Number of protein chains: 2
Amino acid sequence: MLASFLAERKLKKSKRRDAILSAFLAMETHVTAEELHRVLSAEHPGIGLATVYRNLKLLASCGLAKQVSLGGKAARFEHAFRHRHHDHLVCSRCGKVVEFLDSEIERRQESIASRHDFTLESHTLEIHGLCGSCRPPR
Amino acid sequence: MLASFLAERKLKKSKRRDAILSAFLAMETHVTAEELHRVLSAEHPGIGLATVYRNLKLLASCGLAKQVSLGGKAARFEHAFRHRHHDHLVCSRCGKVVEFLDSEIERRQESIASRHDFTLESHTLEIHGLCGSCRPPR
DNA sequence: TCTTGTCATGATAACGATTCTCAATTCCAG
DNA sequence: CTGGAATTGAGAATCGTTATCATGACAAGA
């Protein structure tokens with residue numbers, strides 16, 4: 001999958017590239033380039049932050065990673081490999097993230113796009129609110 | 001509306017503040033801080049960019065402005081005053097923006113939030129795709 | 001296995017959007 | 001009018017991200 005993508009574009013494999021890919025796939029959270037870099041540095045010291053950025057972008061463009069924002073300023077990445085499409089519910093206080101999927105919403109987006117003569121490429125839906133533990137007890 | 005917000009927080013009025021507010025409300029597009037600053041400079045030369053940022057943030061926090069992203073790197077602002085809530089359909093090539101509202105989607109978001117015990121505060125939904133004029137004729 | 005052209009990398013500079021700092025100005029309640 | 005507080009402009013500082021560039025790693029052919 002990554003291999004064929006690389007081959008098609010005359011891109012090469014490399015130890016670091018592999019290390020970054022597998023570290024990323026091992027992650028279970030929506031990760032920042034810096035966070036991934038920090039984790040990576042334990043096993044593979046010497047990998048530069050720029051390289052992490054470069055490879056995350058690459059993973060994103062071959063469909064293995066997806067960039068989301070989740071409200072912070074730094075971009076976050078999640079894996080799109082064996083991970084169905086979904087949207088996010090984010091706690092605006094503690095940052096907790098819940099993934100959800102609503103097929104009716106998906107369907108309606110399709111229909112909105114075509115109603116306005118757009119060819120749908122992607123969408124981002126983030127719901128922000130307070131989770132149960134952060135809500136003031138009142 | 002702005003006045004009462006200012007009063008509550010011991011904030012003051014000022015000529016520049018008013019100028020920024022009215023210039024912003026006169027805008028019909030989703031505007032960037034820099035763009036607003038440029039427009040503003042024609043009538044009120046000498047207003048600093050930082051001041052535009054400060055006041056846009058203020059307008060946002062009192063509910064007169066809403067920050068959206070629309071895919072670019074710079075934050076964009078639209079007015080939320082006499083402007084019903086809506087979401088955006090953005091052409092990923094020419095940047096054209098269509099506003100839409102789907103009450104069923106809105107309703108479902110509510111229900112998703114409460115199903116996960118979240119108190120809904122806001123949401124962002126952006127659909128990206130190619131508009132009719134940008135779609136290659138095939 | 002060497003060779004060579006290409007791609008990947010690390011370090012760091014550059015960048016762009018936004019925020020901060022701080023001295024000077026403006027506001028407004030008394 | 002005045003004093004204390006909020007606002008402002010200019011530019012420095014910040015932060016995430018990307019570009020630059022010299023160097024190292026890779027893949028494929030001789």
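Residues numbered from 1 in each chain as written. Chains lettered and ligands numbered in written order. Predicted model: local features only at pLDDT ≥ 70, side-chain atom pairs only at ≥ 80, totals over all residues. Heavy atoms only, no water.

Engineer: Help me understand the relation of the copies chain A and chain B in this model?
Structural biologist: Rotating chain A by 179° about the axis while translating it 0.1 Å along that axis superimposes it on chain B, leaving an RMSD of 0.2 Å. Considering both components of the superposition, the chain copies are consistent with a two-fold axis. Within chain A, A:Leu125 has its C-alpha nearest the rotation axis, a separation of 2.1 Å. When the interface residues of chain A are mapped onto chain B, 100% of them are again interface residues, pointing to one common binding face. (Least-squares fit on C-alpha atoms with pLDDT ≥ 70 in both. Contact = heavy atoms within 4.5 Å.)

Engineer: Hey, could you run me through the pattern of salt bridges in this one?
Structural biologist: It is possible for side chains of opposite charge to pair when their charged atoms get near one another. Applying the stated rule across the entire model yields 10 salt bridges over all chains. One salt bridge in this structure joins B:Glu35 and B:Arg76, with 3.2 Å as the shortest N-O distance. In this pair, B:Glu35 sits in helix H3 (residues 33–43) while B:Arg76 sits in strand S3 (residues 76–79), placing the two residues 41 residues apart along the sequence. B:Glu35 gets classed as partly exposed once you look at its relative accessible area, which sits at 25%. The shortest N-O distance in the salt bridge between B:Glu104 and B:Arg108 comes to 3.1 Å. Here B:Glu104 pairs with B:Arg108, and both are found in helix H5 (residues 103–115), just 4 residues apart, close to one helical turn. Given a relative accessible area of 28%, B:Arg108 falls into the partly exposed group. By sharing partners, the salt bridges in this structure join A:Asp102, B:Glu104, B:Arg107 and B:Arg108 into a single network. (Salt bridge = Lys/Arg side-chain N within 4 Å of Asp/Glu carboxyl O. Helix = DSSP H or I, 4+ residues; strand = E, 2+ residues; numbered from the N terminus. Buried < 20%, exposed > 50% of the residue type's maximum accessible area, 1.4 Å probe, protein only.)

Engineer: Just to check I follow, could you spell out the protein's contact with DNA strand D for this structure?
Structural biologist: Near DNA strand D there are 21 residues, and of these A:Tyr53, A:Ala75, B:Lys12, B:Arg17 and B:Thr51 occur at the shortest range. Backbone atoms, meaning sugar and phosphate, make up 69% of the atoms of DNA strand D lying within 4 Å of the protein. At a separation of 2.7 Å, a base nitrogen of DNA strand D approaches a polar side-chain atom of B:Lys12. Where the surface near DNA strand D is concerned, the elements lending two or more residues are helix H4 (49–61) of chain A together with helix H2 (15–26) and helix H4 (49–61) of chain B. By residue class, the composition of the surface near DNA strand D is 7 nonpolar, 5 polar and 9 charged. (Near = heavy atom within 4 Å. Polar contact = N/O pair within 3.5 Å; in protein donor to acceptor, adjacent residues only side chain to side chain. Nonpolar A, V, L, I, M, F, W, Y, C, P; charged D, E, K, R; others polar.)

Engineer: Would you mind going over the domain arrangement of chain A with me for this structure?
Structural biologist: How big an interface is tends to be reported as the loss of accessible area on association of its parts. Residue and element names in this part refer to chain A. For chain A, the assigned domains read domain 1 (1–83) and domain 2 (84–138). Centre-to-centre, using C-alpha coordinates, domain 1 lies 24 Å away from domain 2. Listed per partner, the contact involves 9 residues of domain 1 and 10 residues of domain 2. Buried surface at the junction of domain 1 and domain 2, both sides included, amounts to about 700 Å², of which 51% is carbon and sulfur. Taken as a group, His-30, Leu-70 and His-83 account for 64% of the area that domain 1 buries against domain 2, more than any other trio of residues on that side. One can count 0 salt bridges joining domain 1 with domain 2. A per-class count over the side of domain 1 that touches domain 2 returns 2 nonpolar, 4 polar and 3 charged. (Domains from an automatic or database assignment. Buried area = accessible area lost by both parts, 1.4 Å probe.)

Engineer: Got a minute to help me understand the interface of chain A and chain B in this structure?
Structural biologist: Counting residues at the interface gives 32 residues for chain A, matched by 32 residues for chain B. Between chain A and chain B, roughly 2900 Å² of surface is buried when both sides are summed, and carbon and sulfur atoms account for 60% of that area. Joining chain A to chain B, the criterion identifies 4 salt bridges. Two residues, B:Arg135 and A:Asp117, come together in a salt bridge whose shortest N-O distance is 2.6 Å. Remark: the boundary between chain A and chain B carries 18 residue pairs in polar contact (both at pLDDT 80 or more). Every element with two or more residues in the side of chain A that touches chain B is listed here: strand S4 (87–91), strand S5 (97–100), helix H5 (103–115) and strand S6 (119–130) of chain A.

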